[in-house]
Amino acid sequence: MSPEIGTHQLESDTAGDMNFKETELTLALPGESRTLKEMNGGTIGTKRGFLETVDLNLGSPRADCSDKDRNESENDVLTAAKPPAAKAQVVGWPPVRDYRKNAMKSCKYVKVAVDGAPYLRKVNLEMYNSYEQLLSALEDMFSCFTIRNYLNERKMVNGVENVPTYEDKDGDWMMLGDVPWKMFVESCKRLRLMKSSEANGLAPRTPSKCSSTSG
Amino acid sequence: MLRMARSLPEEVLEHVFSFIHSDKDRNAISMVCKSWYEIERWCRRRIFVGNCYAVNPSMVIRRFPEVRSVELKGKPHFADFNLVPDGWGGYVYPWIAAMANAYPWLEEISLKRMVVTDETLELIAKSFKNFKVLVLSSCEGFSTDGLAAIAANCRNLRQLDLRESEVDDPSGHWLSHFPDSFTSLVSLNISCLGSEVNFSALEHLVGRCPNLRTLRLNRAVPLDRLANILRRAPQLVELGAGTYSAELRPDVFSSIAGAFSGCKELKSLSGFWDVVPGYLPAIYPICSSLTSLNLSYATIQSPDLVKLVSQCQSLQRLWVLDYIEDIGLEALAAFCKDLQELRVFPSEPFALEPNVSLTEQGLVSVSEGCLKLHSVLYFCRQMTNDALVTIARNCPKMTRFRLCIIEPRTPDYITLQPLDDGFGAIVEHCKDLRRLSLSGLLTDRVFEYIGTHAKKLEMLSVAFAGDSDLGLHHVLYGCENLRKLEIRDCPFGDKALLANAAKLETMRSLWMSSCSVSFGACKLLGQKMPRLNIEVIDERGPPDSRPESCPVEKLYIYRTLAGPRFDMPGFVWTMDEDSALRFS
């Protein structure tokens, strides 16, 4: 729902009551402000299920933004992917800084770059138990971008177009899947989903490990 | 009054002003009359810029030509929790470049949440001949190469503090770049560095700096090296140990214990990664004089924590993991009567079930026993309104209260009610409250309490709370001293924001992410409020590719005299008068 922006006057001095009256809202106490709540489309005092906000629903991009649920599904774009073993994680919650999480040694955060994407993400490698889980999470995290770029092709990030690689402790770029998972977690410093054209220079590996459905 | 101002010679006024240090007071002085403004601006030595985009370097330099100390902050606070995408901004280089020309006698630079490059550090190293203090708090973008340049060139360096910064690919050799003739170090904090520093260089450095008071080592300094270092610096007042773990051996133990007991001035301890409890008694002899203890990396359990804490009768500040549990906090309440600040961090923030017995009761105990408690950061998994009311009544002098109930929207676990009344009691009783972070199940009512009572509140953090725009309106309308407001995942939209647009010019900044503020409202604000930068951060692509009513992902609004900035990445759009036209 859009506010009446056209007729809305912004006060430069006394904010508050005047403007609200103009937009036909009352600043009554919560018990009386039924109209306000109804206009907002919310119900009073309902605890929105936490998992609803992280329910991954990355379907086709929706142009229709009118209902409130849109905000929740937009959260999907922002949340880290749901790792299978632990609870679904919301980005930045609980508000514990990375260096503190890393210090507890139960986390290993690495940056993930996708060629062509304007932003980086961080993933916690400790949250996954296999390459398959990690790749699935990366697909979720970057699929929004992929869908937009490869319009009609429903190619996931880890299809033919992108090759998952990582930089190890020695500074070499390797393909995912060569070493056992634990060893990979230990040595991985950062991830990069490379365009396959660029990945040609990397050490060759057995094809069966390339597909996104096997670990 | 005006006659007096004219009759006092400039030198006298300048001398009087030299006793005035706070920015607020100096700003007040400068408003008295033109001549006081002129005198004051020539003798102001310290500048604090809370938002590096609120003003540009040339404006600062033009007004204050003789500055010796600069403090700048960059990214919004929620950047600490990965809510601000990489590349957003906060680059310090333009400031340093401008100051390199204008302030050759600059002595101190303190930066928080800024992007600092090696190039920047090299420029600092060679531009300021009398450079003394470098504090990089939660900064990123530089490597040990930059640090090497600082070490090699800053002959009079007193303080190098890298607290919680992210340093790229560190290697330990930069420390050797301090020349042998360098002896002026007073404070060194390298606790954030990942890899080993050169130990003999470190020991030699510590040994030749007789004024060293603060030394915060990093995790890679092993326990057996600590004794050597301590013996070279028995005058230390603040120590951050490295790893406090080694095979339990009597010779190592007596070496450590001896080294610690030689440090008669120690008041503050931190570090203590990977603690082997058997070595803890080595610090017992100095516990009674400790005023600050940071055990927030120490994975020691409650019995060891109790033994430790109960010997620290002078303790004023404690940072600890929730391994301390309610029982440890009871001990704290019993023995540490001078406690002023408590921070309890979660050992397993993502665990589904509680892994420790830490509840609301722990905090209640501390509030009962520690009458000077005024600063709290507490992570827990359950809370009640009653507990919060008790805490509020016990601590009317509370100034900072940050409660994080780990699961969003958790109600009072006994009554199943929202925690509105509990937080309401906090703001009602704690009249000096300056900083508040909310959590748990909260309706618009808590915001009404806040708007009504929290008159001294300067910073408010809100997540997963409220029902409607009324909530946001209460805060913007009622909190007279609000400077920083950060909100995530709340159902706040356009109405409250537009109705209180003028309020935003009285604040440093507003952050809203995963809320319901529409692109249209952002454009409107941008058009109407030229002294605000309205930044839309949206990783889905240009906001005009979606309907105007579509909520933006993230919104960062801050007042500025510098106009829109030009260093924005592709996913940030400023809503100014021009772009509003461009978008429509």
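Worth saying up front: this structure is predicted, and the values here are computed from it rather than measured.

What counts, and at which threshold
- Residues numbered from 1 in each chain as written.
- Chains lettered and ligands numbered in written order.
- Predicted model: local features only at pLDDT ≥ 70, side-chain atom pairs only at ≥ 80, totals over all residues.
- Heavy atoms only, no water.
- Helix = DSSP H or I, 4+ residues; strand = E, 2+ residues; numbered from the N terminus.
- Buried < 20%, exposed > 50% of the residue type's maximum accessible area, 1.4 Å probe, protein only.
- Contact = heavy atoms within 4.5 Å.
- Areas by Shrake-Rupley, 256 points an atom, 1.4 Å probe, with all protein chains shown as cover.
- Rg over C-alpha atoms; globule rule 2.2 N^0.38 Å.
- Lys, Arg positive; Asp, Glu negative; His and termini not counted.
- Charge placed at Lys NZ, Arg CZ, Asp CG, Glu CD.
- Pairing = 2+ DSSP bridges.
- Axes fitted to C-alpha atoms, helices over the stretch in contact; angles between N-to-C directions.
- Core = buried A, V, L, I, M, F, W, Y, C linked by side-chain atoms within 4.5 Å.
- Patch = residues over 30% accessible without salt bridge, like charges linked within 9 Å, V, L, I, M, F, W, Y side chains within 5 Å.
- Salt bridge = Lys/Arg side-chain N within 4 Å of Asp/Glu carboxyl O.
- UniProt positions renumbered as here; feature names shortened; annotations may be inferred.
- Parallel < 35°, antiparallel > 145°, perpendicular 65-115°, else oblique.
- Left-handed = near helix turned anticlockwise from the far one by under 90°.
- Nonpolar A, V, L, I, M, F, W, Y, C, P; charged D, E, K, R; others polar.
- pLDDT = per-residue confidence, 0-100.
- Phe/Tyr/Trp six-rings, centres within 6.5 Å; stacked < 30°, edge-to-face > 60°.
- Disulfide = S-S within 2.5 Å.

Peer 1: I'd like a rundown of the overall build of chain A, residues and numbers included.
Peer 2: Looking only at helices and strands, chain A has seven helices and five strands in total. Secondary structure elements of chain A, listed N to C terminal, follow the sequence α-α-α-α-α-β-β-α-β-β-α-β. The burial tally for chain A puts 45% of its 215 residues in the buried class. In chain A, of all internal contacts separated by at least 6 residues, the share reaching a separation of at least 24 is 51%. About 11100 Å² of surface is accessible on chain A, with carbon and sulfur atoms providing 52% of the total.

Peer 1: Can you tell me about the overall build of chain B, naming the residues and giving the values?
Peer 2: A tally of helices and strands in chain B yields 23 helices and 23 strands. Here the C-alpha radius of gyration of chain B, 26 Å, is about what a compact globule of 584 residues would show, namely 25 Å. The buried share of chain B, taken over its 584 residues, is 62%. If you take every contact in chain B between residues at least 6 apart in sequence, the share linking residues at least 24 apart comes to 71%. When the accessible surface of chain B is split by element, carbon and sulfur atoms take 52% of a total near 21800 Å². Here chain B contributes 64 positive and 70 negative side-chain charges, whose respective centroids are spaced 7 Å apart.

Peer 1: Residues and numbers for the sheet that holds strand β3 (residues 162-167) of chain A, please.
Peer 2: All names here are of chain A. Across the sheet, which stays open at both edges, the five strands sit in the order β2-β1-β5-β3-β4 with mixed pairing between neighbours. The open sheet has two free edges, formed respectively by β2 (121-124) and β4 (173-175), since each of these has just one partner strand. Strand-to-strand, the axes of this sheet are offset by a mean angle of 35°, without reference to chain direction. Pairing geometry for β3 and strand β5 (residues 190-195), over six bridges, is antiparallel. Residue pairing for β5: Asn162 is matched across the bridge by Lys195.

Peer 1: Account for helix α7 (residues 118-127) of chain B, with residues named and values stated.
Peer 2: Of all ten residues in α7 of chain B, seven are buried, a share of seventy percent or more. For α7 of chain B, the elements touching its buried residues are α6 (93-102), β3 (108-112), β4 (133-137), β5 (140-143) and α8 (144-153) of chain B.

Peer 1: Can you tell me about the nonpolar core, naming the residues and giving the values?
Peer 2: Soluble globular proteins tend to pack their nonpolar side chains together in the buried interior. Counting residues in hydrophobic clusters, the biggest one holds 203 residues, and the most contacted among them are Tyr244, Phe260, Phe401, Ile450 and Leu485 of chain B. Not counting chain neighbours up to four residues away, the residues in contact with Phe260 of chain B comprise Leu226, Leu230, Leu239, Tyr244, Leu266, Leu269, Ala282, Ile283 and Ile286 of chain B. Val114, Leu138, Phe142 and Leu191 of chain A belong to the second largest nonpolar core, which has 24 residues in total.

Peer 1: Kindly report on a nonpolar patch on the surface, identifying the contributing residues and their values.
Peer 2: Residues and elements named next belong to chain B. On the surface, a nonpolar cluster with roughly 200 Å² of combined accessible area is contributed by Leu8, Val12 and Val16. Summarising the element assignment, Val12 is placed in helix α2 (residues 10-17). Val12 gets classed as partly exposed once you look at its relative accessible area, which sits at 36%.

Peer 1: Run through the UniProt feature "domain: F-box" (unreviewed entry) in chain B, naming residues and quoting values.
Peer 2: The residues that UniProt annotates with the feature "domain: F-box" (unreviewed entry) are residues 8-49 of chain B. End-to-end, the C-alpha atoms of residues 8-49 of chain B are 31 Å apart, and along that stretch the chain is 62% helix and 10% strand.

Peer 1: Tell me about the packing of α6 of chain B against α7 of chain B, residues and numbers included.
Peer 2: All names here are of chain B. At their nearest, the axes of α6 and α7 sit 10 Å apart, and the two run at 15° to each other. By the angle between their directions, the pair α6 and α7 is classed as roughly parallel. Here α6 runs over α7; the crossing is left-handed. The segment α6 lies against α7, with Tyr93, Ile96, Ala97 and Ala100 engaging Glu119, Thr120, Leu123, Ile124 and Ser127. Tallied by class, the residues present in the contact of α6 with α7 amount to six nonpolar, two polar and one charged.

Peer 1: Go over the environment of Ile124 of chain B with me, naming the residues and quoting the values.
Peer 2: Residue and element names in this part refer to chain B. By the element assignment, Ile124 lies in helix α7. Through-space distance from the C-alpha of Ile124 to that of Asn500 is 42 Å; in sequence the pair is 376 residues apart. Beyond its immediate chain neighbours, meaning those up to four positions away, Ile124 contacts Ile96, Ile109, Phe131, Leu134 and Ile150.

Peer 1: Please provide a residue-by-residue account of unusual backbone geometry, values included.
Peer 2: The amide bond that connects Trp93 of chain A to the next residue, Pro94 of chain A, takes the cis arrangement and shows omega of -10°. In the Ramachandran plot, Glu164 of chain B falls in the positive-phi region, its phi being about 60° despite a non-glycine side chain. Relative to the helices and strands, Glu164 of chain B is located in the loop between β6 (159-161) and β7 (166-168). Its identity is not glycine, yet Glu325 of chain B carries a phi of approximately 60°, on the positive side. Considering the arrangement of structural elements, one finds Glu325 of chain B in helix α14 (residues 325-335).

Peer 1: Would you mind going over the confidence of the model for chain A in detail, with residue names and values included?
Peer 2: The predicted structure's coordinates, where accompanied by low pLDDT, should not be read in detail. All names here are of chain A. Summarising the model, chain A shows a mean pLDDT of 59, and 40% of its residues fall at 70 or more. Element-level mean pLDDT values for chain A span from 38 in helix α3 (residues 50-53) up to 89 in β4. Long-range and interchain partners of residues 66-85, a stretch whose pLDDT sits below 50, account for 59 contacts in this model, where long-range means more than four residues apart. In this model, residues 145-160 is a region of pLDDT below 50 whose contacts with residues beyond four sequence positions or in other chains number 31 contacts.

Peer 1: Explain the pattern of salt bridges residue by residue, including any values.
Peer 2: In total, this model carries 39 salt bridges over all chains according to the counting rule given. Residues Glu107 of chain B and Lys132 of chain B are paired through a salt bridge, measuring 3.6 Å at the closest nitrogen-oxygen approach. With a gap of 25 residues between them, Glu107 of chain B in the loop between α6 and β3 and Lys132 of chain B in the loop between α7 and β4 connect regions that are remote in the sequence. Judged by its relative accessible area of 19%, Glu107 of chain B is buried. Here Asp567 of chain B makes a salt bridge to Arg565 of chain B, at a shortest N to O gap of 2.8 Å. By relative accessible area, Asp567 of chain B is classed as partly exposed at 27%. For Arg565 of chain B, a relative accessible area of 6% corresponds to the buried category. One salt-bridge network, held together by shared partners, links Arg97 of chain A together with Asp80, Arg113 and Glu164 of chain B.

Peer 1: Give a detailed account of the packing of aromatic side chains, specifying residues and quantitative values.
Peer 2: Taken as a whole, this structure holds 25 aromatic pairs over all chains when the rule is applied. Consider the rings of Trp93 of chain A and Phe464 of chain B, whose centres lie 5.4 Å apart with planes at 80°: the pair is edge-to-face. Here the residue Trp93 of chain A occupies a position in the loop between α4 (69-78) and α5 (98-103), and Phe464 of chain B occupies one in the loop between β18 (459-463) and α19 (469-478), the pair thus bridging two chains. For the pair formed by Trp93 of chain A and Phe464 of chain B, the shared burial category is buried. Plain terms: the ring middles of Phe253 of chain B and Tyr279 of chain B are 6.2 Å apart, the flat faces sit at 20° to each other, and that makes the pair stacked. Of this pair, Phe253 of chain B sits in helix α11 (residues 250-261) while Tyr279 of chain B sits in the loop between β11 (268-270) and α12 (284-287); the two residues are 26 residues apart in sequence, bridging distant segments of the chain.

Peer 1: Got a sec to walk through the confidence of the model for chain B? Specific residues and values, please.
Peer 2: Of all residues in chain B, 98% attain a pLDDT of 70 or more, and the chain-wide mean is 95. Both scores are available for the predicted complex, with the pTM at 0.78 and the ipTM at 0.91.

Peer 1: Report on the state of the cysteines, specifying residues and quantitative values.
Peer 2: Residue and element names in this part refer to chain B. Scanning all chains against the criterion turns up zero disulfides over all chains. Lacking any disulfide linkage, Cys380 is separated from the closest cysteine sulfur, that of Cys404, by 7.9 Å. Cysteine Cys515 is unpaired, with the sulfur of Cys490 as its nearest cysteine sulfur at 5.3 Å. Cys515 gets classed as buried once you look at its relative accessible area, which sits at 2%.

Peer 1: Could you give an account of the environment of Ala152 of chain B, with specific residues and numbers?
Peer 2: Residue and element names in this part refer to chain B. Within the fold, Ala152 resides in helix α8. On the accessibility criterion, Ala152 (23% relative accessible area) is partly exposed. On a C-alpha basis, the gap between Ala152 and Pro179 in space is 6.4 Å, while along the polypeptide they are 27 residues apart. Once you skip the residues sitting within four places of it in the chain, Ala152 turns out to touch His177 and Pro179.

Peer 1: Would you mind going over α8 of chain B in detail, with residue names and values included?
Peer 2: The buried fraction of α8 of chain B amounts to seven of the ten residues, a majority that puts the element mostly inside the structure. Those residues of α8 of chain B that are buried are in contact with α7, β4, β5 and β7 of chain B.

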